[in-house]
Amino acid sequence: MAFDSESFSSGHTLIQRLEEYNPWWERGQEASLTGDYSSLQDIFYQTYDELHQQQRRLIPITGPDGTGKTALLEQLASAHIDPDFVEKFVRDADRREQAQEHLVSPSSVLYIPLRDDPVFQLQPEAQLRAAVDHFETHVLRHSQSSPHYILLDDLHTVERPNKRGNQDVGRWERLLTDLIAEHDDRRIVFTALSRGAVRERFEETDLAEVNEGIRGETRELYPMGFADFLKMRYRDIELAPAAERFDEGAVRKALLEAVDVGDADRFVAEIEAQNSDAIADPSTVRREIANYCTSGGMLTLRVAGDGISIDEERFVDVLRGRDDVDLEAHQRELLDDFRDDLLHAATSLGGVKDALGLERFCGLAAHEHPTGDVRFDELTEVLDVDRRTLRDKYLSALSRLHLLSAAQEYDNQRPRKLRFYLRDPGITNAFCRNDLNDVLRREPGLDEALAKAVAFDHTIRLSNTLNHQHDPKRGVVKFWVGSKGAVDFVPKIRGSPVPILWSHNQALDELQMSRDTPDFDALQEFLENDAYETERDRVDEQMYSPVTDTFTKQRRAYVQQDEYGGELNGDGKAAFDAEPAFGIVLTNARSALDEGVTVNTDGSKPIIQVPLWTYLRLT
């Protein structure tokens, strides 16, 4: 039998699969996937609003494997063709009415999973072009002005080096430019691994004319955060009247304003106003932190996929090992997929020759779960790699995937120490086979280590949410070492540092009254000294990797705007921090249940107590 390459270049193989991938074409709304979902995460509503309220025609969704990118695309498909889906999951009445108006014929949605078969990645531009042409000619059959949607899953898999080693095969941005330009009401949502890689591709095209503001703008999908986890546990949160719901957007806005004008009272007043949540009171939310620190985001979705309703008490029994569902089996499966995904990601992102080294690094973080400083030399010796490989390869790849991230030392241009955290606690517990009993009682110090890692993860998310995409300090969270102790998290908001002290068991008033509190002394020291004047972040680097000249210029221009707190240094290579306005004590102390948000004004700048159960709901 002769080898026939035409079946690939013509897209014949892919076209044959399209009906399998799009069952709604034949069966219409009977092919609904409504039953597959137990709840919708916030990113669904954000993406849906961008398609309709902001009229964006091209939306990238980036994030590591296992975080729900495929489920999100399936949910978007259902939301546009299935009235039952809209009625069941769109809880807000006004939003539900608008969603009903945006329903289209099932033949107006095309979904292509590019990772399903590796032959789809052979001559991908030709195959995708042929598949879309087939959809338009034989399925869509609508006028050019009719809205239709193309959902492309794992678009990054079509990229690979050409014969000369350049990343020039699978130039999907050229195809997307053509597809968008062909139809005025064609909208495309696609998923990929790396936000940076998507941004770099967009910089080489001219998509701004058809999709205003598209350059580099993506929706980043992290492992499910605590706020979404809480909504899955207590579904009535979404059904409660607006006045009774915690409004994280209002608190974030108040935090921005407080940093901009140096007025901590704005932030404090808004948090106090939002603490009237009638569905999930502070003690309930605090209790759920331990559950989240056991299952995290990825494992929770896996358990839900096994038919366990997350809002039932049976879910907690599963986490405790008291149910027929084998938690350890789920953990092993999660770990197996996590390892496979790491190998796949290392290949896709490039630059990591020893992909297994990423897994070893994650395993080390899981078993040791360090909560303090680690010397670079000790870490490189254990991992058997040099410092450059650790920083530019391991940390760069894992940070871009939101799986493991490091905090460098503040105000130290040649750091000798770092702190690092696995971002999803479910991964940590999968490595170590921990269940809820271990988290609560059996393993001393485990509960604090997991909660601190979750706090670090959500601080990075908050930085990414609050800061502009061109801010060189976006997603940067460092730690600061004082003369006695250390401040654990120092994120920057529009160039201004916000020092955050982690205090697991002691509330702010206890720290004030105690004599031996070196870390609290360090927080006060940070607020009173001038460390910010020499702290800098490079403009031409992000997550330990260089960025393009175009992105560097955009960052310089952003830092030079009047509303930006920091400033550019003389040679334009780095951005300095502005002066901090206030500090935060982030506590999980039981005594803070009654106190809530409090403020210490004894020093030169206020220090705000923010309970962990409130802080984790901001993102």
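One can find the structure itself at the top, above this paragraph.
This one's a predicted model, so the numbers in the text were calculated from it and none came from an experiment. (Residues numbered from 1 in each chain as written. Predicted model: local features only at pLDDT ≥ 70, side-chain atom pairs only at ≥ 80, totals over all residues. Heavy atoms only, no water.)

At their nearest, the axes of helix α8 (residues 124-140) and helix α9 (residues 172-182) sit 10 Å apart, and the two run at 20° to each other. As judged from the angle between their axes, α8 and α9 are roughly parallel. By crossing handedness, the relation of α8 to α9 is classed as right-handed. From α8, E125, L128, R129 and V132 reach across to α9, where they touch R174, L175, L179 and E182. Grouping the amino acids of the contact of α8 with α9 by side-chain chemistry returns four nonpolar, no polar and four charged. (Axes fitted to C-alpha atoms, helices over the stretch in contact; angles between N-to-C directions. Helix = DSSP H or I, 4+ residues; strand = E, 2+ residues; numbered from the N terminus. Parallel < 35°, antiparallel > 145°, perpendicular 65-115°, else oblique. Left-handed = near helix turned anticlockwise from the far one by under 90°. Contact = heavy atoms within 4.5 Å. Nonpolar A, V, L, I, M, F, W, Y, C, P; charged D, E, K, R; others polar.)

Take the pairing of strand β1 (residues 58-62) next. Counted residue by residue, β1 has five buried out of five residues, so it is predominantly covered. Judged by which residues are buried, β1 turns out to be covered on both faces: L58, P60 and T62 on one side and I59 and I61 on the other are all buried. Bridge count between β1 and strand β4 (residues 186-192): five bridges; the pairing is parallel. The residue of β4 that forms the bridge with I59 is V189. (Buried < 20%, exposed > 50% of the residue type's maximum accessible area, 1.4 Å probe, protein only. Pairing = 2+ DSSP bridges.)

For the rest of this paragraph, the subject is the sheet that holds strand β8 (residues 417-422). Taking strand neighbours across the sheet as the criterion, the three strands line up as β6-β8-β7 in an open arrangement whose pairing is antiparallel. Unpaired on one side and paired on the other, β6 (374-375) and β7 (404-408) mark the two borders of the sheet. Direction of pairing for β7 relative to β8: antiparallel, over a ladder of five bridges. Across the sheet, the residue bridging to L404 is L422, located in β8. Against the sheet, helix α21 (residues 387-400) makes contact with β7 and β8, and its axis sits at roughly 120° relative to β7, the strand it touches most. Packed onto the sheet, helix α24 (residues 446-466) meets β7 and β8 and runs at close to 95° relative to β8.

The next point concerns the pattern of salt bridges. This structure, assessed with the given rule, holds 51 salt bridges. A salt bridge links R96 to E87, with the shortest nitrogen-to-oxygen separation between them at 3.8 Å. Classification of E87 as partly exposed rests on a relative accessible area of 47%. Here R129 and E182 are joined by a salt bridge, their closest N and O atoms 2.6 Å apart. Of this pair, R129 sits in helix α8 while E182 sits in helix α9; the two residues are 53 residues apart in sequence, bridging distant segments of the chain. (Salt bridge = Lys/Arg side-chain N within 4 Å of Asp/Glu carboxyl O.)

Turning our eyes to something else, we now look at unusual backbone geometry. Although it is not a glycine, Q123 sits at a positive phi angle of roughly 45°. Along the chain, Q123 falls in the loop between β2 (109-113) and α8.

Formed by 108 residues in total, the largest nonpolar core has its most connected members in F267, F361, L379, L390, L404, F420 and F582. Setting aside residues no more than four positions away along its own chain, L404 makes contact with F361, C362, A365, L395, L398, S399, F420, Y421, L422 and R423. L14, L110, L128 and L151 belong to the second largest nonpolar core, which has 57 residues in total. (Core = buried A, V, L, I, M, F, W, Y, C linked by side-chain atoms within 4.5 Å.)

A few words on the side chain of T300. Relative to the helices and strands, T300 resides in helix α16 (residues 298-305). When its relative accessible area of 0% is taken as the criterion, T300 is described as buried. Residues within four places of T300 in sequence aside, it is in contact with M224, F229, S295, I310 and F315.

Where like charges cluster on the molecular surface, the negative patch consists of D92, D94, E97 and E101. Mapping D94 onto the fold places it in helix α7 (residues 93-101). Residue class for D94 comes out exposed when judged on its relative accessible area of 53%. (Patch = residues over 30% accessible without salt bridge, like charges linked within 9 Å, V, L, I, M, F, W, Y side chains within 5 Å. Areas by Shrake-Rupley, 256 points an atom, 1.4 Å probe, with all protein chains shown as cover. Lys, Arg positive; Asp, Glu negative; His and termini not counted. Charge placed at Lys NZ, Arg CZ, Asp CG, Glu CD.)

Taken together, the three strands give an open sheet; going across it, the order is β13-β17-β16, and neighbouring strands pair in antiparallel fashion. Across the chains shown, the open sheet's two edge strands, defined by having one partner strand only, are β13 (536-538) and β16 (567-568).

Residue position: A242 is located in the loop between α12 (236-239) and α13 (248-261). Taking relative accessible area as the criterion, A242 reaches 58% and is therefore assigned exposed. The sequence separation of A242 and G296 amounts to 54 residues, and the corresponding C-alpha distance is 27 Å.

Over its 13 residues, helix α5 (residues 69-81) extends 19 Å from the first C-alpha to the last, a length consistent with the 18 Å expected when each residue adds 1.5 Å. Counted residue by residue, α5 has ten buried out of 13 residues, so it is predominantly covered. Among the residues making up α5, those that are buried are K69, L72, L73, Q75, L76, A77, S78, A79, H80 and I81. (Expected span 1.5 Å × (residues − 1).)

To continue, consider the environment of L179. Relative to the assigned elements, L179 resides in helix α9. For the pair L179 and K605, spaced 426 residues apart in sequence, the C-alpha to C-alpha distance is 54 Å. Filtering out sequence-adjacent residues up to four positions away, L179 remains in contact with R129, V132, R186 and I188.

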